[in-house]
Amino acid sequence: MGFPSPAADYQESALNLNEIMISHPSATILVPTANGWLLVDKSISPVRGNQLYFLLWGQEKIGVLRHNSIICTDGEEVRGEALEEITVVGVITWVITRHWDRESPTI
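The rules behind these values
Every chain's residues receive numbers from 1 upward, in the order its sequence appears when written. The model is predicted, so local features are restricted to residues of pLDDT at least 70 and side-chain atom pairs to those at 80 or more, both for listing and for counting; the totals for chains, interfaces and linings are taken over all residues. Hydrogens and water molecules were not included; the side-chain quantities draw on all heavy atoms of the structure. In DSSP terms, a helix is any run of H or I states spanning at least four residues, a strand is any run of E spanning at least two, and both are numbered starting from the N terminus. Relative accessibility thresholds used throughout: buried, under 20% of the residue-type maximum; exposed, over 50%; partly exposed, between the two (1.4 Å probe, protein chains only). Here the positive residues are Lys and Arg and the negative ones are Asp and Glu; neither His nor the chain ends is included. Salt bridge, as used here, is a side-chain nitrogen of Lys or Arg placed within 4 Å of a carboxyl oxygen of Asp or Glu. Identification of polar contacts relies on pairs of N or O atoms within 3.5 Å, with a donor-acceptor requirement for protein atoms, meaning one able to donate a hydrogen and the other able to accept it, and with residues adjacent in sequence counted only if both atoms are side-chain atoms. In what follows, residue pairs with any heavy atoms lying within 4.5 Å of each other are defined as contacts. Patches draw on residues past 30% relative accessible area with no salt bridge. Two like charges within 9 Å are joined, as are two nonpolar side chains (Val, Leu, Ile, Met, Phe, Trp, Tyr) within 5 Å. Note on areas: these come from Shrake-Rupley sampling with a 1.4 Å probe, and a residue is covered only by the protein chains present in the view. When DSSP finds two or more bridges between a pair of strands, those strands are recorded as paired. Fitted lines through C-alpha atoms give the axes, limited to the stretch in contact for helices. The angle between two N-to-C directions lies from 0 to 180 degrees.

Chemist: Hey, could you run me through the side chain of Asp41 in this one?
Modeler: The topology assignment puts Asp41 in strand β2 (residues 36-41). Of the side chains with opposite charge, Lys42 lies nearest to the buried Asp41, which makes no salt bridge, at 8.6 Å. Among the polar contacts made by the side chain of Asp41, one reaches the side chain of Ser43 at a distance of 2.6 Å. What Asp41 contacts, discounting residues up to four positions off in sequence, is His24, Ala27, Thr28, Gly90, Val91 and Thr93.

Shown next as structure tokens:
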């Protein structure tokens with residue numbers, strides 16, 4: 001039979017990014033971008049300060065929700081009647097970027 005290992009208290013489980021990064025698996029989508037990926041949770045209701053993934057006039061956009069507007073990553077501000085044209089896909093919960101790229105030099 002033997003006895004339990006004294007190291008058993010120090011064992012760690014394997015790192016599972018799904019458990020760490022995804023709160024609502026059925027409502028989370030992975031969106032590819034030029035620099036990596038976005039994890040977008042469609043079940044979260046957006047509040048001021050959230051970064052959103054949305055559609056505006058058929059284009060996919062990313063922006064931060066403000067009081068009466070959305071400030072896009074390209075500097076564009078969506079406000080007024082243009083806000084009625086927006087379809088919010090979800091709230092961005094994680095931004096995943098590549099750390100290593102063969103084409104980029106190391107500085």
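Let's pick the thread back up.
Chemist: What am I meant to see in the pattern of salt bridges here?
Modeler: Any two side chains of opposite charge can pair, given that their charged atoms come close. In total, this model carries three salt bridges according to the counting rule given. Glu76 is paired through a salt bridge with Lys61; the nearest N and O atoms lie 3.0 Å apart. Separated by 15 residues along the polypeptide, Glu76 in the loop between β5 (69-72) and β6 (77-79) and Lys61 in strand β4 (residues 59-65) bring together distant segments of the chain. Its salt-bridge partner being Glu77, residue Arg79 comes within 3.2 Å of it at the nearest N-O pair.

Chemist: Which parts of the structure should I look at to understand the side chain of Thr28?
Modeler: Looking at the element boundaries, Thr28 is found in strand β1 (residues 28-32). Residue classification places Thr28 among the buried positions, given a relative accessible area of 17%. In this structure the side chain of Thr28 is engaged in a polar contact, spanning 2.7 Å, whose partner is the backbone oxygen of His24. If we skip the residues at most four places from it in the chain, Thr28 touches Ile22, Leu39, Val40 and Asp41.

Chemist: Sorry, what's going on with a nonpolar patch on the surface here?
Modeler: A grouping of Leu15, Leu17, Ile20 and Trp94 is seen on the molecular surface, where their side chains present a nonpolar patch of about 430 Å² in accessible area. Along the chain, Trp94 turns up in strand β7 (residues 86-97). Trp94 gets classed as partly exposed once you look at its relative accessible area, which sits at 36%.

Chemist: Is there a simple way to explain the sheet that holds β6 in this structure?
Modeler: Strand pairing in a sheet relies on backbone hydrogen bonds. The paired strands run either parallel or antiparallel. Pairing is antiparallel across the open sheet formed by seven strands, whose spatial order is β1-β2-β7-β3-β4-β5-β6. Bordering the open sheet on either side are β1 and β6, each of which pairs with just one other strand. On average, each strand axis in the sheet is inclined to that of its neighbour by 40 degrees, with strand direction left out of account. With three bridges connecting them, β5 and β6 associate as antiparallel partners. By the bridge assignment, Ser69 is partnered in β6 with Arg79.

Chemist: When you look at the pairing of β7 in this model, what are you seeing that I'm missing?
Modeler: Every other side chain in a regular strand lies on the same face of the sheet, so the side chains alternate between the two faces. Judged from the six bridges that link them, β2 and β7 form a sheet pairing that is antiparallel. Pairing of Asp41 across the sheet is with Val91, part of β7. Across five bridges, strand β3 (residues 51-56) lies against β7 in antiparallel orientation. Considered in β7, the bridge of Tyr53 is made with Gly90.

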